[in-house]
Amino acid sequence: HAPVKSPKKKMAESKYESNTYELPKWKEALGELVIRTFRLDMDKVRAGSIAGSYYYNLCKEQALQYENKELSDTAKFFYEDLKLPRTFSQWFQVTVLHEWILFVRMRAMPFKYGRNYQQKMVDRTFSDIEMRLFEEMNVNSGRIADQYLKDFNSQLRGAVFAYDEGFFTDDATLATAVWRNLFGGRKNIDIVHLEAIVRYIRSQLYVLSRLSDREFAMGSFKFVPPNESVSVLTPEQEADLKRRVTEKYESMDKDPNLLPSDRSKLSYTN
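Quick summary incoming for the structure in this document. Here the residue numbers are simple positions, counted from 1 along each chain's written sequence. A pLDDT threshold of at least 70 governs which residues receive local features in this predicted model, and a stricter bar of 80 or more applies before side-chain atom pairs are shown or counted, although totals over entire chains, interfaces and linings include all residues. Side-chain metrics in this entry use all non-hydrogen atoms of the structure; hydrogen atoms and water are not considered.

With that settled, consider the overall build of the protein. Per the convention used, a helix needs a DSSP run of H or I reaching at least four residues, while a strand needs a run of E reaching at least two, with both numbered from the N terminus. What the protein contains, in helices and strands, is ten helices and zero strands. For the protein, the α and β elements follow one another from N to C terminus as α-α-α-α-α-α-α-α-α-α. Radius of gyration: C-alpha atoms only; globule rule: 2.2 Å multiplied by the number of residues to the exponent 0.38. For 270 residues, the compact-globule estimate of 2.2 N^0.38 gives 18 Å, and the protein sits close to it at 20 Å. Seen through its principal axes, the protein has C-alpha atoms that stretch 60 × 50 × 30 Å. Think of it in three bands: with a 1.4 Å probe and only protein chains considered, a residue is buried below 20% of the maximum accessible area for its type, exposed above 50%, and partly exposed in between. The burial tally for the protein puts 44% of its 270 residues in the buried class. We get accessible surface area from the Shrake-Rupley algorithm with a probe of 1.4 Å; when it comes to residues, only the shown protein chains can shield them. Of the roughly 15400 Å² of accessible surface on the protein, 53% is carried by carbon and sulfur atoms. Under this rule, positive means Lys or Arg and negative means Asp or Glu; His and the chain ends count for nothing. Where a charge lies is defined by one atom per residue type: Lys uses NZ, Arg uses CZ, Asp uses CG and Glu uses CD. Treating the 41 positive side-chain charges of the protein as one cloud and the 38 negative ones as another, the clouds have centres 4 Å apart.

With that settled, the discussion passes to the packing of helix α4 (residues 88-106) against helix α8 (residues 191-209). Here, axes are lines fitted to C-alpha atoms. For helices the fit covers the stretch in contact, and angles between N-to-C directions go from 0 to 180 degrees. At a minimum axis separation of 10 Å, α4 and α8 run at an interaxial angle of 35 degrees. Both α4 and α8 take part in a crossing whose hand is right-handed. On α8, the residues that touch Leu 97, His 98, Trp 100, Ile 101, Leu 102, Val 104 and Arg 105 of α4 are Ile 197, Tyr 200, Ile 201, Gln 204, Leu 205 and Leu 208. Residue classes follow a fixed rule: Ala, Val, Leu, Ile, Met, Phe, Trp, Tyr, Cys and Pro count as nonpolar, while Asp, Glu, Lys and Arg count as charged, and any other residue, Gly among them, counts as polar. Looking at the contact of α4 with α8, its residues break down into ten nonpolar, two polar and one charged. By convention, the crossing between two helices is left-handed when the near helix turns anticlockwise from the far helix through less than a right angle, and right-handed when the turn is clockwise. We call two residues contacting when some pair of their heavy atoms lies within 4.5 Å.

As structure tokens, this is what we get:
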């Protein structure tokens, strides 16, 4: 439960994950040739960059915090509005909650793709946690780090099981799972805080349920900020949304210049 100190040195991140990085043209052409020649399934290949990078970073950043550093607006919701402690362990629980929200949508994808997306996110989670333990938490023993990783793995499995139970039953059960995991089962918490996080979860799940497999797999989702509300679409609005999405991807698929790396077999109408 130690507070998270800023790393002594900036952790190395892959340049390929940077928003400003542009792949050299010869590498891009070579990659497209390989995809076309070996007929690679881009819906499986894409899981690494979308789930293992983009979606994991989305989850990680929701409550990312360091000692004596200003919080983002979303992090303020968890640490100031919900009164959660600013610790590494708490950051992990918030991250797991957001990963579970995405797991729900991933499990609705065709099995072989959804499982791949989940695995890529979990793999990246624990490789990142291991790095943060050494760089930010000053853990200098591989044995101790392994014990932490085993503990975090158990927490992840337990939280996912508990949230699944709440998702498939009712809000009271979901609130109980939130209380046990996110709030650590602490006594005398404000019931309004539980209500707020359950509403937050249901809002994210509703938005995700309105995204087709193709849109979600391409990384078209962002978490709705806690200070924004989600309104249920009318049947007319939903029909219009589906029409525009269908027109967009039908046009893309018919484009003879569409790169092999941008192709997908996933549905955009479900």
